[in-house]
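Here are the chains, one letter per residue:
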Amino acid sequence: MNTSVLSVRDELSFGQFMELALYGDDGYYTRAVSIGGKGSDFYTAAQSPLFAQALANALTEQWDAWGQPTELQVVEYGGGQGELAAVLGPALVRLCSGTITYTLVDRSRRLQTFQANAVHDEDTRLHYHFGEPRTDVPTCVVANEVLDALPVERVRRVGDSWQQAYVKLDSQGHYQWMWQSADASIASLADQFLPIPDGTIGEVCPGLARFFARLTAGGPPVFALLIDYGIDREEWASGIRPQGTLRGYYQHQVTDVLDHVGAQDITADVNWDHVRNAAESAGFQFRFLESQGTYLMSHGIADACQTRLTALASSGLESVKQRLGWSGQLKQLVMPGGMGERFQVFGCEWNVT
Ligand SMILES: C[S@@+](CC[C@H](N)C(=O)[O-])C[C@H]1O[C@@H](n2cnc3c(N)ncnc32)[C@H](O)[C@@H]1O
């Protein structure tokens, strides 16, 4: 256990604790994060080039709908280790004429370094850029598994009121839960978006409003695709998650969020009703919320897989392992037993004429 995240005297709301445990000086995304591959903590769709190709098809559709502007910006929030950016950028250049600025925005310095090593301006029409997005060109925002990494507050319904979870260290140096009356702003979010049964626990994400407000800084239109695991009002109301959705990931195991502090990821399911409300409050128009499987299938992921299999066969280097690799990725991304239904794609637009 890493106790340096929280000093003995501190008593922090869970949201403050999660902020430090993920993004503080000793936090997971600052020091330890490892995604995909050997020794990692979790996999994401970004490790699959098929996912990137389907997103390239989707963004090209949007570029067409905007009348094929000569400049397009993609802003990827939370680009992780840069795998998606490294495939999506070149795929877009092949599909769209004009220039592409691919901007990567991330809270984690460690991951920014990985991203810088993963991407290259291979084509004169493709420019990777780090930091503040441009505000003068039509922009497509992509964020895969970013909303689930925003700090959440943990709350419990007690009759008509709410309690909020705090974390503190006991005298033996173990992290402990404490429950207090919820802050008014947290209780208000819970009243609006968390119809859970009495006595059960859930989470609210106060950072959503700020996240969407950031996406609308410029004049030209913005189209945003947010991909994540999430649940809606009916699922919360059903009471099937009496302890909420908060969990840790450490070396591919689901863990208690108070274990391995600073060495593990902490995440919670996205509340899609709250996401939609935050997007609309920031001026976005809601476009769709659909399962990842349906979305990727309707944006050519099966063809992308077939193209890879055909190229493999004609290269003469085809091995069963490689063939199964592509088919396995397709299945994992779209099938209900994989990520196809557990993950959803949320689409919204801003400044549409
Ligand atoms: C679970 S990882 C997903 C990484 C990558 N998108 C993937 O699918 O492999 C979450 C990412 O979001 C980043 N992140 C969290 N909060 C952010 C914020 N407010 N703005 C930008 N990036 C953020 C993290 O640093 C990390 O890169």
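Since this is a predicted model, take the numbers as computed values, not measurements.

Q: For the overall build of the protein, give the residues involved together with the corresponding values.
A: Helix and strand counts for the protein come out as twelve helices and 16 strands. The globule rule puts the C-alpha radius of gyration for 353 residues at 20 Å, and the 21 Å found for the protein is close to it. Along the longest, intermediate and shortest principal axes, the C-alpha atoms of the protein span 65 × 50 × 35 Å. Looking at the 353 residues of the protein, the share that counts as buried comes to 45%. By sequence separation, contacts in the protein at least 24 residues apart represent 75% of the contacts at least 6 residues apart.

Q: An account of the nonpolar core is requested, with residue identities and associated values reported.
A: Residues L88 and V141 are the most contacted members of the largest nonpolar core, which totals 102 residues. The biggest single contributor to this core is helix 3 (residues 49-65), with nine residues. Every residue in contact with V141, bar those within four places of it in the chain, is listed here: V75, Y77, L215, V222, A224 and L225.

Q: Quick rundown of the environment of T30? Include the residues and the values.
A: Note on placement: T30 falls in helix 2 (residues 28-32). Expressed as a C-alpha distance, the spacing of T30 and W63, which sit 33 residues apart in the sequence, is 35 Å. Discounting chain neighbours no more than four positions away, the residues touching T30 are Y23, G24, D25, S108, R109 and R110.

Q: Describe the sheet that holds strand 13 (residues 265-267), naming the residues involved and giving the relevant values.
A: Spatially, three strands are ordered 12-11-13 in an open sheet, and the strand pairing comes out antiparallel. Only two strands of the sheet have a single partner each, and these edge strands are strand 12 (253-255) and strand 13. Direction aside, neighbouring strands of the sheet carry axes that sit 35 degrees apart on average. In this structure, strand 11 (residues 247-250) lies alongside strand 12, joined through three bridges in antiparallel fashion. Opposite G248, over in strand 12, you have T255 as the bridge partner.

Q: Can you break down the packing of helix 3 against helix 11 (residues 301-315) residue by residue, with the values?
A: In helix packing, the relevant descriptors are the interaxial angle and the interaxial distance, both defined with respect to the helix axes. Viewed as axis vectors pointing N to C, helix 3 and helix 11 meet at an angle of 130 degrees, and their least axial separation amounts to 9 Å. Considering their axes alone, helix 3 and helix 11 lie oblique with respect to each other. Of the two possible hands of crossing, helix 3 and helix 11 adopt the one that is right-handed. On helix 11, the residues touching L50, Q53 and A54 of helix 3 are I301, A304 and C305. Of the residues in the contact of helix 3 with helix 11, the class split is five nonpolar, one polar and no charged.

Q: Before we move on, can you summarise helix 1 (residues 14-23) with the specific residues and values?
A: Counting buried positions along helix 1 yields seven of ten residues, so the element is predominantly enclosed. The set of residues buried in helix 1 consists of F14, G15, F17, M18, L20, A21 and L22. Against the buried residues of helix 1 lie strand 1 (11-13), helix 2, strand 6 (153-158), strand 7 (161-169) and strand 13.

Q: Explain the environment of A182 to me, using residue names and the numbers behind them.
A: Turning to its location among the elements, A182 is positioned in the loop between strand 8 (175-181) and helix 6 (184-193). Taking the C-alpha atoms as reference points, A182 and A52, 130 residues apart in sequence, are found 41 Å from one another. Excluding its chain neighbours within four sequence positions, the residues that come into contact with A182 are V155, W162, Q163, Q164, A187 and A190.

Q: Quick rundown of unusual backbone geometry? Include the residues and the values.
A: Even without being a glycine, H252 presents a positive backbone phi close to 65 degrees. For H252, the position within the fold is in the loop between strand 11 and strand 12. You can call H252 exposed: it has 10 C-beta atoms within 10 Å. In this model, H260 sits at a positive phi of 45 degrees, which is unusual for a non-glycine residue. Relative to the elements of secondary structure, H260 occurs in the loop between strand 12 and strand 13. Residue H260 is classed as buried on the basis of its C-beta count, with 22 C-beta atoms lying within 10 Å.

Q: Describe the packing of helix 11 against helix 12 (residues 320-334), and please don't skip the residues or the numbers.
A: Where helix 11 contacts helix 12, the two axes come as close as 9 Å, and the packing angle between them is 175 degrees. By the angle class used here, helix 11 and helix 12 are roughly antiparallel. Residue-level contacts link I301, A302, C305, R308, L309 and L312 of helix 11 to Q322, R323, W326, S327, L330, L333 and V334 of helix 12. Residue composition of the contact of helix 11 with helix 12, grouped by class: nine nonpolar, two polar and two charged.

Q: Give a detailed account of the pairing of strand 8, specifying residues and quantitative values.
A: On a regular strand, one side chain projects to one face of the sheet and the next to the other, so that they alternate. For strand 8, the tally of buried residues reaches only zero of seven residues, placing the bulk of the element at the surface. Summarising the sheet, strand 7 and strand 8 pair through seven bridges and their orientation is antiparallel. Note on strand 8: the bridge partner recorded for Q164 is Q180. Counted between consecutive antiparallel strands, the loop separating strand 7 from strand 8 contains five residues, among which G173 sits at a positive phi close to 80 degrees.

Q: Requested: an account of helix 6, with residues and values cited.
A: Here helix 6 has its buried residues at I186, A187, L189, A190 and F193. All buried residues of helix 6 lie within an arc of 160 degrees about the axis, which places them on one face of the element. What points out from helix 6, more than 90 degrees from its buried face, is the exposed set A184 and S185. Looking at the buried side of helix 6, the elements it contacts are strand 6, strand 7, strand 9 (201-204), strand 14 (270-271) and helix 9 (272-281).

Conventions used here
- Residues numbered from 1 in each chain as written.
- Predicted model: local features only at pLDDT ≥ 70, side-chain atom pairs only at ≥ 80, totals over all residues.
- Helix = DSSP H or I, 4+ residues; strand = E, 2+ residues; numbered from the N terminus.
- Rg over C-alpha atoms; globule rule 2.2 N^0.38 Å.
- Buried ≥ 20, exposed ≤ 12 C-beta atoms within 10 Å, placed from the backbone.
- Contact = placed C-beta atoms within 7 Å.
- Core = buried A, V, L, I, M, F, W, Y, C linked by C-beta atoms within 7 Å.
- Pairing = 2+ DSSP bridges.
- Axes fitted to C-alpha atoms, helices over the stretch in contact; angles between N-to-C directions.
- Parallel < 35°, antiparallel > 145°, perpendicular 65-115°, else oblique.
- Left-handed = near helix turned anticlockwise from the far one by under 90°.
- Nonpolar A, V, L, I, M, F, W, Y, C, P; charged D, E, K, R; others polar.
- Arc of directions from axis to C-beta.

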